[in-house]
Amino acid sequence: MEIGVYEDWMRPQVAKMFSLQYGLNENDFSKLIEDFYEHPYQKDRCLRIVAKEEDRVIGFQSFFYWPYRFNNKIYNSFQSGNSLVHPEFRGKGIFQKLLTYIDTHSRKLGIDFLIGFPVEASKKSFIRNQWENILNLQWHIKIINPLSFFFSLRLQELHNVFNTPSYTLDGNSSSFRLASNPDFSSWRNHYSKEGRYLYFSFAQQNYSANFTLKFIKRRKYINELIIGDFQCNTNDLTFIHEAFNTLIRKARSLRFLSILTIAINERSSYSLLKPLLQSGFKKTNKKIYFIIKDFSNNQAIHNPESWTLYRSDIDTW
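The paragraphs below set out a description of the structure included in this document. This structure is a prediction, so every number in the text was calculated from the model and none was measured.

**Considerations on the overall build of the protein chain**
The number of helices and strands found in the protein chain is eight helices and 14 strands. For 317 residues, the compact-globule estimate of 2.2 N^0.38 gives 20 Å, and the protein chain sits close to it at 21 Å. Once the C-alpha set of the protein chain is aligned to its principal axes, its extents read approximately 60 × 45 × 35 Å. Relative to its 317 residues, the protein chain shows a buried fraction of 52%. Long-range contacts, defined here as pairs at least 24 residues apart, represent 73% of the contacts in the protein chain between residues at least 6 apart. When the accessible surface of the protein chain is summed, it comes to about 15,900 Å², and 47% of that surface belongs to carbon and sulfur atoms.

Here it is in structure tokens:
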């Protein structure tokens, strides 16, 4: 068995492996590989590691460029994703070998740190590889209309209400935030489905707040609106509370919406916990693990208070 760098001839095997595991169409996953990893923004930055026996690919692990800004510095940071070992070769420590490859090449690759949002099944494997689970994103929910199932879903009306143009607001530089520049956003929109995001902005005097939203349907009757990102140019809690209340009123004007949800780092120095509670959000028992592996010896990376994270920080947003 060899651990090494992905090559393009491996694409059909990688696509088939993911197709067998997740029931995906091979051609669809092959197209995702092209849109996600081969895009000019990501192609020469992302790290794709494979395990193979002769010419057979039996494991795949990627780390894609995911730049975070802290104290006006943009870090060479990467998010872990699309991890898979072929079912016939599990239990042989292959995933650990894939992760260890990055450890031994981190200096040459110039990596500052890695991040991940693992599912329960893979979290322990990362921890064994010396990743740290420094915090979890906690989900909070606000009931919008418990009788929403009586009303017809009108997607065009949803887009008409939440269509405020989005723009970047200067926030707190002393917190790790995703450095979403135009090139990064263009790549992300390229691999995402068109028209999937919604936007709402609120302004009062010199203060502004932006919400990035996404609609999903859960089960048969629950119409959920997720707050995936929140940007604000002030820490004034009264203003932030009013911004959330205004968003709630807008959501309630659409009677087919059931719930409004958001996942936050409650331990952040800039936590939204207080305004959320004031606006009637309730904590659920759902959470998202957040893990890091630091190669820079920057203590701020290990501090949960230094991170402002939302659902949109995950590549699948």
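**Topic: the sheet that holds strand 10 (residues 197-204)**
Each strand in a sheet pairs with another by means of backbone hydrogen bonds, the pair being arranged parallel or else antiparallel. An order of 1-2-3-6-7-14-8-13-12-11-10 is seen for the 11 strands of this open sheet, with the pairing classed as mixed. In this open sheet, the two edge strands, each paired with only one partner strand, are strand 1 (2-5) and strand 10. Strand-to-strand twist of the sheet, defined as the mean angle between neighbouring strand axes without regard to direction, takes the value 30°. In the sheet, strand 10 pairs with strand 11 (residues 207-218) via eight bridges, with the strands oriented antiparallel.

**Side note on helix 7 (residues 237-252)**
Across its 16 residues, helix 7 extends 22 Å between first and last C-alpha, which sits within 8% of the 22 Å expected from 1.5 Å per residue. The secondary structure elements touched by the buried residues of helix 7 are strand 8 (132-143), strand 10, strand 11, strand 12 (222-232), strand 13 (259-264) and helix 8 (273-278). Structurally, the start of helix 7 carries an N-cap: the backbone nitrogen of Thr238 is 3.0 Å from a side-chain oxygen of Asp236.

Cut-offs and rules
- Along every chain, residues carry numbers that run from 1 in the direction the sequence is written.
- Under the rules for a predicted model, residues below a pLDDT of 70 receive no local features and side-chain atom pairs below 80 are neither given nor counted, while totals for whole chains, interfaces and linings still include all residues.
- The side-chain figures draw on all heavy atoms in the structure; neither hydrogens nor water molecules are used.
- Under the DSSP-based scheme used, a helix requires at least four consecutive residues in state H or I and a strand at least two consecutive residues in state E, with every element numbered from the N terminus.
- Note on method: radius of gyration uses C-alpha positions; expected globular size equals 2.2 Å times residues raised to 0.38.
- We call a residue buried when its accessible area falls under 20% of the maximum for its residue type, exposed when it is over 50%, and partly exposed in between, using a 1.4 Å probe and counting protein chains only.
- Here a residue-residue contact requires only that any non-hydrogen atoms of the pair lie within 4.5 Å.
- Methods summary: accessible areas were calculated by the Shrake-Rupley approach with a probe of 1.4 Å, and residue burial reflects only the protein chains presented.
- We treat two strands as partners when DSSP finds at least two bridges between them.
- Each axis is a line fitted through C-alpha atoms, and for a helix only the stretch in contact is used; angles between axes span 0 to 180 degrees, taken between their N-to-C directions.
- Every helix has an expected span of 1.5 Å times one less than the residues it contains.
- For the purposes of these results, a polar contact is taken to be a pair of N or O atoms within 3.5 Å, where, inside protein, one atom must be able to donate a hydrogen and its partner to accept one; residues adjacent in sequence count only when each atom of the pair is a side-chain atom.

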